[in-house]
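A look at the structure
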Amino acid sequence: MQRFLFFFVFLFIFQDNIAQVNSENLPLLVKNTSEKIKLDGILDEQAWQNAEKLPTFWEFFPKDSVKAKYQTEVLLTYDEKNIYIGAKMYSPGNVYITPSFRRDFRAGGNDNISFVFDTFNDKTNSFLFGMNPYGVMREALLYNGGTTNEYLNMFWDNKWNGVSKMYDGYWICELAIPLTTLRFKEGSTQWNFKAYRFDTQSNEQSTLVRIPRNQILMNLGYSMPIAFEKPLKKSGANISLIPYLSAGSTHDFENLKNLAAGNKINFGGDAKIGITSGLNLDLTVNPDFSNVEADRQVVNLTRFDVNFPEQRQFFLENSDLFTGFGSYNTNPFVPPSGTLGPGAGNQLVSPFFSRQIGISLDTATGTNVQNRILYGARISGKIDDNWRVGLLNTQTAADDFKGTPSMNYSVAALQRKVFGRSNVAFIFANKQVLGKELAQGIHAYNRVAGLEYNLASKDNRWSGKVFYHQVFSPIIVDEKFAHGFMLNYSVKKFIAKWSHDWVGKGFDAEVGFVPRKNFFHINPTIGFNHFPNGHVINRVSYGVAYDQFNQPGLGVTDRQAGPFLLLGFQNSSNFLMTINQNYTYLFNNFDALRSNKSLPSLKKGSSYTYYNFSANYVSDQRKKLAIFFQPLIGQYFDGNIVSLVGNASYRFQPYGFLSVNFSYNNLKLSTGKNQVYLVGPKLDLTFTKSIFWTTFVQYNSQFKNLNVNSRLQWRFAPVSDFFLVYTDNYNSESWMPKNRAILAKVTYWLNL
């Protein structure tokens, strides 16, 4: 009863009834045109002369209180098929930075502009489109209000066109975005819109709507209304077919009886069908994800599993409807780094994790391998201004070699907007084994239901969530529940966070992500921001973070606490320092040296208190040589650790970059000593905006594995590609090959 009481208290106390940000702004009129717009970066059509200019841009960095020094002019118009954007970006010179010609670049450290359409006026979910001076394009999905970097999905792909052209002292871009690419309510007359820009020469970040520095640029709470001259109509049939044909050869040197190896020809495809302007049906038959870029390997020093982001197109659109449930363990002041050292933030619990479908872990190499999906169907999107729905069903094939039966996965999600920007959401996920024979450890079914309230106040000061999840399975065990509560308060000079999670010992959500069970977790953080006017330091943030896990019957099992100091510099680099007091109680034997049991483990029932220093440095990303590193020095269990995790990248513009991911960990304990390291050089070449070649090598001493992956991509038509992929794995002790594969694949996006 107490678990449900938390839910309803949170729901009614934090009703976000504060006045809407920028609600006093009158909508900007977007005029309809019958003129054909030629995308050439000139803006000479009469439609552009008639269009109303959007307001002048505000500076966001290095200050947030003045108009941008180098302004941006944005124009909008539309016809029955497309919405058009014309933008003129002034700059102090003509030396622009681009990471490469590759699509879907990240915004920081290069010249670009982004345009965001909130088509249902909920300031919660949006479509993002971006361009840079070289004409490189990017698109993404924003969800949960875009309040953190985790709520940006860069893996989404769709059809649209854009052109950029550079002039003396400015550059221009023109975009044509088909209405069929967007989801919106038929007959709409008003959307929310925002735009933001990075200019590397002036080191200025600017935005259409003024945003305080304690927020991030893509926060959907800061946008303005735009009104269409005529109501938007459904632009004909919205059906896309995406067939593929692939041929490949795989050789398993360690098990010659592997039936999945050999020469194979494969075919299948996807379909996207617009049921309504806001609701989409995705279908897939015999999907093949071998062209998806391989995951970056990590050295995991923690005792628990970690997860990787979903990259497969079938699962991406409206993915937050299915995977946005559960909680993360993070410090709101820590820049995202993707590292997995001691104390690193990670997802604590999720009732549904889409990468459980069709992908399993190869424990010999530490890499993910595919498990064949026969088909999939997914309906997702908006029913009206207040309701969103998601339904998913997929079927995987039996794999005798791996010993896995045929599985059916079904998920239903429903979301209702309340109080302006907040929502109440429900999820039900079912994993069902098909067939009578069950292998050891595999159960006939596993189901989980969850209810959540997600808070996002209209003034952007408050955010948070409260949830309750329950597992239903044939296993007889108590406490099949998970409950969590999180509340953030953020203003320019002060940030406070409280979160707690309670996961029962029986919460075994097999279709979700549950790295640990049977704990109560608290994670409060308090911090202060100061923005000096000096020429070197731009921001000073300091505070205290506390993170603790309790297990019933044992008491405290994990704790990390201590002060932190973040320095942000005028050149956009930043440096975070923390001093940590750690406590760990081992409820199982633990191979803390990560030796894969070749050295003795620390014993179950032992406890350790130890102190260390950690830092996080991100250099000026505008430089040709950019670095990130995260050192950790000090005590570690009953010994010591010296760790350095990071990345170094050299850009040879505009044709790509050479980078190296690295992780070095020198561990000395009473049970012995060990050096665990990972080196991952990567060469990313972009010969043109349609031909890309990526090759990387990953050596992981923890798994004694050397992985080689090389991928050539030719985008011969919009969202249509030819791939040639080569992969190889070697045992680094004997330098004998483990497995090898080469694949050719072609996909074509056809609009009907």
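Here we come to the environment of arginine 516. With respect to the secondary-structure elements, arginine 516 resides in the loop between strand E28 (494–503) and strand E29 (519–522). Each C-alpha atom of the pair arginine 516 and glycine 534 lies 46 Å from the other, and the pair is 18 residues apart in sequence. Apart from residues lying up to four places away in sequence, arginine 516 is in contact with Phe304, Val503, Phe549, Thr557, Asp558 and Phe587. One polar contact links arginine 516 to aspartate 558, side chain to side chain, over a distance of 2.9 Å.

Our next topic: the side chain of aspartate 620. Locating aspartate 620 in the fold gives a position in the loop between strand E34 (607–618) and strand E35 (625–636). At 2.8 Å, the side chain of aspartate 620 forms a polar contact with the side chain of arginine 622. Setting aside chain neighbours within four positions, we find aspartate 620 in contact with Asn571, Ser572, Ser573 and Ala626.

Among the 9 residues that make up strand E4 (residues 82–90), 7 are buried, leaving the element largely enclosed by the rest of the structure. Of the pairings in the sheet, the one linking strand E3 (residues 72–78) to E4 comprises 7 bridges and is antiparallel in character. Across the sheet, the residue bridging to threonine 72 is methionine 89, located in E4. Linking E3 to E4, which pair antiparallel, is a turn of 3 residues. In terms of strand pairing, E4 meets strand E10 (residues 170–178) through 9 bridges, oriented antiparallel. Bridge assignment links tyrosine 84 to a residue of E10, and that residue is alanine 176.

Turning next to the pairing of strand E21 (residues 373–382). Across 7 bridges, the pairing between strand E16 (residues 279–285) and E21 is antiparallel. Opposite aspartate 282, over in E21, you have arginine 378 as the bridge partner. Relative to strand E22 (residues 387–396), E21 is paired through 9 bridges, and the arrangement is antiparallel. When the bridges of E22 are listed, tyrosine 375 appears paired with glutamine 395.

Next up on the list: unusual backbone geometry. Between phenylalanine 61 and the following residue, proline 62, the backbone shows a cis peptide bond with an omega angle of 10 degrees. As for its position among the elements, proline 62 is in the loop between strand E2 (58–61) and E3. Following glutamine 653, the chain continues to proline 654 via a peptide bond in cis, the omega torsion being -5 degrees. With respect to the helices and strands, proline 654 occurs in the loop between strand E36 (639–651) and strand E37 (656–669). One non-glycine residue with positive phi stands out, namely asparagine 203, at about 55 degrees. When you line up the elements, asparagine 203 lands in the loop between strand E11 (190–199) and strand E12 (204–207). With a phi angle near 50 degrees, asparagine 286 is a residue other than glycine that sits in the positive phi range. On the secondary structure map, asparagine 286 appears in the loop between E16 and helix H3 (320–323).

Reading guide: rules and limits
Residues numbered from 1 in each chain as written. Predicted model: local features only at pLDDT ≥ 70, side-chain atom pairs only at ≥ 80, totals over all residues. Heavy atoms only, no water. Helix = DSSP H or I, 4+ residues; strand = E, 2+ residues; numbered from the N terminus. Contact = heavy atoms within 4.5 Å. Polar contact = N/O pair within 3.5 Å; in protein donor to acceptor, adjacent residues only side chain to side chain. Buried < 20%, exposed > 50% of the residue type's maximum accessible area, 1.4 Å probe, protein only. Pairing = 2+ DSSP bridges.

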